[in-house]
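Analysis of the macromolecular model
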Amino acid sequence: MSRMPIFNSPLLLGFDQFERTLDRLAKNAEGYPPYNIERIGENGLRITLAVAGFTTDDLVIELIENQLSVRGKQTDDTTRVFLHRGIAARQFQRAFMLADGIEVTGARLDNGLLSIDLVRPVVEPRIRTIPIDGGNRNVEESTTIVIAARRMR
């Protein structure tokens, strides 16, 4: 049985990449490590991941196009003997899809929490006038339709 695409409307043009992104994120829904996303100021965001036991050498943060990827891999310390090991020492990969224009401004590891700061720049609406060719070359003045983009809040 095939599933019905979310963006199957003929009025939604060019959203096929967005739907593929949603599918990719659904496959990456594992719960480890736990994380928070919070708003910082008016245009800032912060992603905080709980990465107890990981050092800065164990973590890699990459931004490939609009996908922010955080990977962690610990090396086993063979000199330590654990009587009980309750802190997870497994590798992980967590991915976040960022909207166009969102920039990563920095990352910090503090007390087992990895914080990644993001900023969303203010986008000004684009307004363009599209000329319409009426097919009648005798008309000196071309008719135009004004198309205005409005930012939704």
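Residues numbered from 1 in each chain as written. Predicted model: local features only at pLDDT ≥ 70, side-chain atom pairs only at ≥ 80, totals over all residues. Heavy atoms only, no water.

On to the environment of Phe54. As for its placement among the helices and strands, Phe54 is situated in the loop between strand 2 (44-50) and strand 3 (59-64). When the C-alpha atoms of Phe54 and Leu114 are compared, they prove to be 9.4 Å apart, with 60 residues separating the residues in sequence. With near-sequence residues (within four places) excluded, Phe54 lies in contact with Tyr32, Leu59, Gly72, Lys73, Gln74, Arg90, Phe92 and Leu109. (Helix = DSSP H or I, 4+ residues; strand = E, 2+ residues; numbered from the N terminus. Contact = heavy atoms within 4.5 Å.)

This structure, assessed with the given rule, holds two salt bridges. Its salt-bridge partner being Arg71, residue Glu62 comes within 2.9 Å of it at the nearest N-O pair. On the accessibility criterion, Glu62 (30% relative accessible area) is partly exposed. When its relative accessible area of 31% is taken as the criterion, Arg71 is described as partly exposed. (Salt bridge = Lys/Arg side-chain N within 4 Å of Asp/Glu carboxyl O. Buried < 20%, exposed > 50% of the residue type's maximum accessible area, 1.4 Å probe, protein only.)

Moving on to the environment of Arg108. Within the fold, Arg108 resides in strand 6 (residues 103-110). When the C-alpha positions of Arg108 and Thr56 are compared, they lie 8.9 Å apart, and in sequence the two are 52 residues distant. With residues near it in sequence (within four places) discarded, Arg108 still touches Leu113, Leu114 and Ser115.

To continue, consider the pairing of strand 6. Direction of pairing for strand 6 relative to strand 7 (residues 113-119): antiparallel, over a ladder of seven bridges. Residue pairing for strand 7: Val104 is matched across the bridge by Leu118. (Pairing = 2+ DSSP bridges.)

Function cannot be inferred from these measures alone, as they are strictly geometric.
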